[in-house]
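Descriptive analysis of the structure
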Amino acid sequence: MTVRLVTGPLTLRPWTASDAPAVLAAYTDPSVAAWSTEPVTDPAHAEAWIHARVNGWADGSRASFAVTDTESGQILGQVGLRLADGEAEVGYWTLPAARGRGVASTALDALAGWALDALDLTRITLIHSVDNPASCRVAERGGFPLALQLEPTERWPAPGHLHVRKA
């Protein structure tokens, strides 16, 4: 499935192999690396990261997008879903130059609106550390109200917030 979403100044499009340098640049940013559960440390990792997203589209386990500037095509960030049993968990990041401009919340809102309808999902969750208040603001602005404070787990070693957007 090839999906392209345009929302004002942003275009969400599937990842391509030529995007590997932007992925590597993102994951060398301390803010992205600090919150990542899947580190990308070299060009081979960046290529594998993209390959996993392309394969996820093919097998139905993911819907992952490069978030780009509609005019220039420049990559500003990423937003994607891990899909299972009619539900999804969303993840995202933005490159430093794109922060503070509403890129992440606009992309989240566009992705969720499309996914709840097109993929017939019942809900999409977003989890972030309580130590990341910027993600809390992005979630709220992207249409994901706070649902619950989470205790630490093996996957998330710090307390977290669960935000949920329902169909």
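The structure this text deals with has already been given above.
All values reported here derive from a predicted model rather than from experimental measurement.

Things to note about the sheet that holds strand β6 (residues 123-129)
- Within the open sheet, the 8 strands sit side by side as β1-β2-β3-β4-β5-β6-β8-β7. Their pairing is mixed. Single-partner strands in this sheet number two, and they are β1 (5-7) and β7 (146-150). Recorded for the sheet is a direction-independent mean angle of 25° between the axes of neighbouring strands.
- Examined bridge by bridge, strand β2 (residues 10-13) and strand β3 (residues 62-69) share 4 bridges and lie antiparallel to one another. If you follow Leu-12 over to β3, its bridge partner there is Val-67.
- Along the sheet face, helix α3 (residues 43-59) touches β3, β4 (75-84) and β5 (87-94) and points at about 120° away from the line of β3.

Re the packing of aromatic side chains
- Inspection of every chain in the model, using the stated rule, returns 8 aromatic pairs.
- Judged by centre distance (6.1 Å) and plane angle (45°), the rings of Trp-15 and Trp-93 are tilted. A residue pair is termed long-range when its members are at least 10 positions apart, and Trp-15 in the loop between β2 and α1 (20-28) and Trp-93 in strand β5 qualify at 78 residues.
- Judged by relative accessible area, which is 4%, Trp-15 ranks as buried.
- Judged by its relative accessible area of 7%, Trp-93 is buried.
- Aromatic side chains Trp-49 and Trp-93 sit 6.2 Å apart centroid to centroid with 45° between the ring planes, which places their arrangement in the tilted category. Note that Trp-49 is positioned in helix α3 and Trp-93 in strand β5, a separation of 44 residues in sequence.
- The structure contains a cluster of three or more aromatic residues connected by ring pairs, namely Trp-15, Tyr-27, Trp-49 and Trp-93.
- Note that Arg-53 overlies the ring of Trp-49, its terminal NZ or CZ placed 4.0 Å from the centroid.

Some remarks on the nonpolar core
- One finds Phe-65, Val-79, Leu-81, Val-90, Trp-114 and Ile-124 to be the most contacted residues of the largest nonpolar core, which totals 29 residues.
- Of all elements in the fold, only β2, β3, β4, β5, α4 (103-118), β6 and α5 (133-141) reach the threshold of two or more residues within this core.
- Top contributing element to this core by residue count: α4, with 9 residues.
- Not counting residues within four places of it along the chain, the set of residues in contact with Ile-124 comprises Leu-81, Ala-88, Val-90, Ala-112, Ala-115, Leu-116, Phe-144, His-163, Val-164 and Arg-165.

Comments concerning unusual backbone geometry
- Not every positive phi belongs to a glycine, and Asp-85 is a case in point at roughly 55°.
- Tracing the backbone through its elements, the reader meets Asp-85 in the loop between β4 and β5.
- With a phi angle near 55°, Asp-120 is a residue other than glycine that sits in the positive phi range.
- Assignment of secondary structure puts Asp-120 in the loop between α4 and β6.

Side note on α5
- Those residues of α5 lying buried are Ser-135, Cys-136, Val-138 and Ala-139. Mapping the buried residues of α5 onto a view down its axis gives an arc of 165°, with all of them on the same face.

Conventions adopted
In this numbering scheme, every chain counts its residues from 1 along its sequence in written order. Local features in this predicted model are restricted to residues whose pLDDT is 70 or higher, and side-chain atom pairs enter the listing and the counts only when it is 80 or higher, whereas totals over whole chains, interfaces and linings include all residues. Side-chain numbers here rest on the full set of heavy atoms in the structure, without hydrogens or water. Pairing between two strands requires that DSSP report at least two bridges joining them. Per the convention used, a helix needs a DSSP run of H or I reaching at least four residues, while a strand needs a run of E reaching at least two, with both numbered from the N terminus. Angular values range over 0 to 180 degrees, each being the angle between N-to-C directions of two axes fitted as lines to C-alpha atoms, with helices fitted over their stretch in contact. Any two residues having at least one pair of non-hydrogen atoms within 4.5 Å are treated as being in contact. Aromatic rings from Phe, Tyr and Trp, with only the six-membered ring used for Trp, were paired whenever their centres fell within 6.5 Å, and each pair was classed as stacked if the ring planes differed by under 30 degrees, edge-to-face if by over 60, and tilted otherwise. Throughout, exposure labels follow a simple rule: accessible area from a 1.4 Å probe, protein chains only, divided by the maximum for the residue type, with under 20% read as buried, over 50% as exposed, and the rest as partly exposed. In this analysis the charged atom, NZ for Lys or CZ for Arg, is taken to sit over a ring once it is within 6 Å of the ring centre and within 35 degrees of the ring normal. Buried Ala, Val, Leu, Ile, Met, Phe, Trp, Tyr and Cys residues that are joined via side-chain atoms within 4.5 Å together make up what is termed a nonpolar core. Taken from the helix axis, the directions to the C-beta atoms give the arc we talk about.

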